[in-house]
Amino acid sequence: MFAAERRQLILEMVRANGAVSLRELARVVQTSEVTVRRDVRALEAEGLLDRRHGGAVLPGGFTRESGFPQKSHLATAEKTAIADLAAGFVEEGEAIVVGAGTTTQELARRLARVPGLTVVTNSLLVAQALAHANRVEVVMTGGTLRGSNYALVGSGAEQSLQGLRVSKAFLSGSGLTAERGLSTSNMLSASVDRALVQAAAEVVVLADHSKLGTDTMFQTVPTDVVTRLVTDEPPAHDDRAGTELQALADQGVQIAVAGASKGATGGSGAPAGGESAPARQQRRDVPLPGPRRQVPGTGTGLRSAAALGEQNPGAERARVADLRRR
């Protein structure tokens, strides 16, 4: 197949699916991932698509949200490492909310072994991952099923979250910037995620490095409401991700970095009441430079709910080297 034919086919696949992994593109056009990566780079230079870590997406990021089948094949190793690390922030007996997404689905698989955990979610995939966990109670929101990401959205979902108080919210999205915070491409998903945030004392964002510096249409969580970001180690040449991480840390977001290439596992979860061994090895926290602003609409009752699973503040504030120099 000539280069022009390959690139036309690649472009058609991306337009049809919204996002396609390099592996899938290489399989369809019957060439190597190195060649496909070169083709994708050329198409990006023409403004016809955007590159993402491990794949290609429609240009701009403001028009169309990728469906679950496409997202599930992007940055799988990074999502696994992030989920391993994030599970270490969940304690026995906590009540938490977990939003929809492929990364939060990976987290849910690791939470199945945390005794006494209560998980409130609008994601069918998260609920399915915890369905057979005998020691975990799963509470589903109401709402209308959105088939592209298997999530419940709409007024029914939002109303079912009113009056809810939990210790932490774990969310993912389409993009994260220091200027605007977490964002997504779908208005209904963004609205439900905002309702999840209102229910939580702390907000933990799960985002691989390809989402750092990406801004999409609908803001979900402003930066000053994000308590912690759990992400993976950006490649050395990815200046955008490194710059965004430093900017987020400067605004008071705690950064926990999981090294996907340093022993990440696909295990089923962290031991109850603590972090898994891989999470302890991979974790790098940037301490808060100043006091955090409280989540709007929360008060002492929220903090009281958070006492279900208080964490060791000393361990939380371990100092590390400047992320920009790594």
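The structure displayed is predicted, hence computed values, not measured ones. (Residues numbered from 1 in each chain as written. Predicted model: local features only at pLDDT ≥ 70, side-chain atom pairs only at ≥ 80, totals over all residues. Heavy atoms only, no water.)

Asks: Teacher, can you tell me more about the environment of S189 here?
Replies: Mapped onto the elements of the fold, S189 is located in helix α9 (residues 187-198). The spacing of S189 and G99 is 90 residues in sequence and 9.4 Å in space, taken between C-alpha atoms. If we skip the residues at most four places from it in the chain, S189 touches R146, N149 and V153. (Helix = DSSP H or I, 4+ residues; strand = E, 2+ residues; numbered from the N terminus. Contact = heavy atoms within 4.5 Å.)

Asks: Explain the packing of aromatic side chains here, please?
Replies: Two aromatic rings, taken as a pair, are described by how far apart their centres are and by the angle between their planes. Scanning the model with the defined rule gives zero aromatic pairs in all. Between the NZ or CZ atom of R228 and the centre of the ring of F89, over which it lies, the distance is 4.1 Å. (Phe/Tyr/Trp six-rings, centres within 6.5 Å; stacked < 30°, edge-to-face > 60°. Lys NZ or Arg CZ within 6 Å of the ring centre and 35° of its normal.)

Asks: Hey, could you run me through the confidence of the model for the protein in this one?
Replies: Close inspection of predicted coordinates is inappropriate for parts of the model with low pLDDT. When pLDDT is averaged along the protein, the result is 77; 73% of the residues meet or exceed 70. Ignoring residues within four places in sequence, the model shows residues 68-73, a span with pLDDT below 50, making 15 contacts including any to other chains. (pLDDT = per-residue confidence, 0-100.)

Asks: Just checking my understanding: could you explain the sheet that holds strand β1 (residues 19-21) for this structure?
Replies: Pairing between the strands of a sheet comes from backbone hydrogen bonds, and it takes one of two forms, parallel or antiparallel. Taken in spatial order, the three strands of this open sheet run β1-β3-β2, and their pairing is antiparallel. Unpaired on one side and paired on the other, β1 and β2 (50-52) mark the two borders of the sheet. For this sheet, the mean inter-axis angle between neighbouring strands, taken without regard to orientation, is 25°. (Pairing = 2+ DSSP bridges. Axes fitted to C-alpha atoms, helices over the stretch in contact; angles between N-to-C directions.)

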